[in-house]
Amino acid sequence: MSPRYRNGSNQAGTAIAIVADVMALILGMWILMYLLDANRANDFVQFVHDAARWLAGWSHDLFTFDEEWARVVAGYGLAAVVYLFVGHAIANRVHRH
């Protein structure tokens, strides 16, 4: 395979990894903001919460812990780990081909 195609797949793999990292970063930011009791009336906090809620829609209320903070950490944390794992696995697969 020519270097031109390999470079393109490296760029695609890098882009996939970056997207996965950004998704996990948003989820991690929301977990941190929640635990630190950030002002939810703030526009930035609201934006991060809305984005994290959308990203973790599939895992948001997956766990039924008694404490709200534990549900937030487990639900949003699981989504962050899955996005990192799957995103980097796909990126590594793209890099190889």
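Residues numbered from 1 in each chain as written. Predicted model: local features only at pLDDT ≥ 70, side-chain atom pairs only at ≥ 80, totals over all residues. Heavy atoms only, no water.

Structural notes on unusual backbone geometry
Residues other than glycine predominantly adopt negative phi, and peptide bonds predominantly adopt the trans conformation. How we decide: Every helix listed is a DSSP run of H or I at least four residues long, and every strand listed is a run of E at least two residues long, numbered separately from the N terminus.
Unlike most non-glycine residues, Asp-37 shows phi in positive territory, near 55°. Along the chain, Asp-37 falls in the loop between helix 1 (3–35) and helix 2 (43–55).

Topic: a nonpolar patch on the surface
Spelled out, the test is: Distance thresholds for patches are 9 Å for like charges and 5 Å for nonpolar side chains (Val, Leu, Ile, Met, Phe, Trp, Tyr), applied to residues having over 30% relative accessible area and no salt bridge. The Shrake-Rupley method, run with a 1.4 Å probe, gives the accessible areas here. Residue values count only the displayed protein chains as cover. For this document, the term salt bridge refers to a Lys or Arg side-chain nitrogen within 4 Å of an Asp or Glu carboxyl oxygen.
Together, Leu-35, Trp-69 and Val-73 make up an exposed nonpolar region whose accessible area comes to about 280 Å². Looking at the element boundaries, Val-73 is found in helix 3 (residues 68–96).

As for the nonpolar core
Stated formally: We define a nonpolar core as any set of buried Ala, Val, Leu, Ile, Met, Phe, Trp, Tyr and Cys residues linked to one another through side-chain atoms lying within 4.5 Å. Working definition: with a 1.4 Å probe on protein chains only, accessible area under 20% of the residue-type maximum means buried, over 50% means exposed, and in between means partly exposed. What makes two residues a contact is simply this: any of their non-hydrogen atoms within 4.5 Å.
Within the largest apolar cluster, 16 residues are counted, with the highest numbers of intra-cluster contacts made by Leu-27, Trp-30 and Tyr-76. Elements with a minimum of two residues in this core: helix 1, helix 2 and helix 3. With six residues, helix 1 is the single largest residue contributor to this core. When residues no more than four places from it in sequence are discounted, the contact partners of Trp-30 are Arg-40, Val-45, Val-48, His-49, Ala-52, Val-72 and Tyr-76.

Concerning the packing of aromatic side chains
To keep things clear, this is the line we draw: Side-chain rings of Phe, Tyr and Trp (the six-membered ring for Trp) are treated as a pair once their centres are within 6.5 Å; stacked means planes under 30 degrees apart, edge-to-face means over 60, and tilted covers the remaining angles.
Applying the stated rule across the entire model yields three aromatic pairs. Ring geometry for Phe-63 versus Phe-65: centroids 5.8 Å apart, planes at 15°, classification stacked. The exposure class of Phe-63 is partly exposed, given its relative accessible area of 30%.

Digging into the environment of Ala-56
Mapping Ala-56 onto the fold places it in the loop between helix 2 and helix 3. Given a relative accessible area of 0%, Ala-56 falls into the buried group. Remark: the alpha-carbon pair of Ala-56 and Leu-27, spanning 29 residues in sequence, is separated by 7.8 Å. Discounting residues that sit within four places of it in the chain, Ala-56 has contacts with Leu-27, Tyr-76 and Ala-79.

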